[in-house]
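If you want the building blocks of each chain, they are given just below.
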Amino acid sequence: MRIETTLTDELELKQLEWVRSTLGVKKNAAVLRDALVLLAWAVREIMEGRRIASIDRQGSSLREFSSPLLDRATWLQRDTIELTPDGFARVAELVSTPPAPTGELRELLREKDVKSER
């Protein structure tokens with residue numbers, strides 16, 4: 001499969017050129033392939049509940065990495081809720097025996113019924 005893209009942002013072009021020249025890579029495709037491998041790995045890590053960060057050689061400084069796509073992966077990952085067996089039992093109990101409606105809710109329902117009769 002062949003994919004073509006156009007980078008119009010000057011900063012993106014400079015970043016691509018910087019990576020190519022720093023690593024001595026001749027083709028943009030090589031940089032973009034590795035960038036895709038790194039992004040796919042980062043998304044998998046985030047979807048498993050991990051965070052992406054770098055640590056300095058002394059192990060004393062940690063910097064978390066973020067990007068719009070990784071932030072999206074983080075939010076998608078948060079759609080999953082893990083419950084302990086006790087937590088699951090409590091949720092099942094609440095669902096099977098919901099609390100009685102409050103007085104405020106009953107009043108709102110009465111108001112809605114009155115409006116719908118008009």
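Structural notes, computed from the coordinates. Note that the structure is a prediction, hence the values are computed from the model and not measured.

**As for the overall build of the protein chain**
Tallying secondary structure elements over the protein chain gives five helices and two strands in all. Here the C-alpha atoms of the protein chain give a radius of gyration of 26 Å, more than 25% beyond the 13 Å that 2.2 N^0.38 yields for 118 residues. Every one of the 118 residues in the protein chain was classed for burial, and the buried ones make up 8%. Intrachain contacts of the protein chain at a sequence separation of at least 6 include 30% that bridge at least 24 residues.

**Some thoughts on a nonpolar patch on the surface**
Side chains of Ile 81, Leu 83, Phe 88, Val 91 and Val 95 sit close together on the surface and give an oily, nonpolar patch of about 540 Å² of accessible area. In this structure, Phe 88 sits in helix H4 (residues 85-96). Residue Phe 88 is classed as exposed on the basis of its relative accessible area of 56%.

**Regarding the nonpolar core**
Counting residues in hydrophobic clusters, the biggest one holds five residues: Ala 42, Ile 46, Ile 52, Leu 70 and Ala 73. At the level of elements, helix H2 (28-47) and helix H3 (68-77) are the ones that each hand at least two residues to this core. Every residue in contact with Ala 42, bar those within four places of it in the chain, is listed here: Ile 52 and Leu 70.

Rules behind the numbers
Residues numbered from 1 in each chain as written. Predicted model: local features only at pLDDT ≥ 70, side-chain atom pairs only at ≥ 80, totals over all residues. Heavy atoms only, no water. Helix = DSSP H or I, 4+ residues; strand = E, 2+ residues; numbered from the N terminus. Rg over C-alpha atoms; globule rule 2.2 N^0.38 Å. Buried < 20%, exposed > 50% of the residue type's maximum accessible area, 1.4 Å probe, protein only. Contact = heavy atoms within 4.5 Å. Patch = residues over 30% accessible without salt bridge, like charges linked within 9 Å, V, L, I, M, F, W, Y side chains within 5 Å. Areas by Shrake-Rupley, 256 points an atom, 1.4 Å probe, with all protein chains shown as cover. Salt bridge = Lys/Arg side-chain N within 4 Å of Asp/Glu carboxyl O. Core = buried A, V, L, I, M, F, W, Y, C linked by side-chain atoms within 4.5 Å.

Keep in mind these numbers describe shape, not what the thing actually does.
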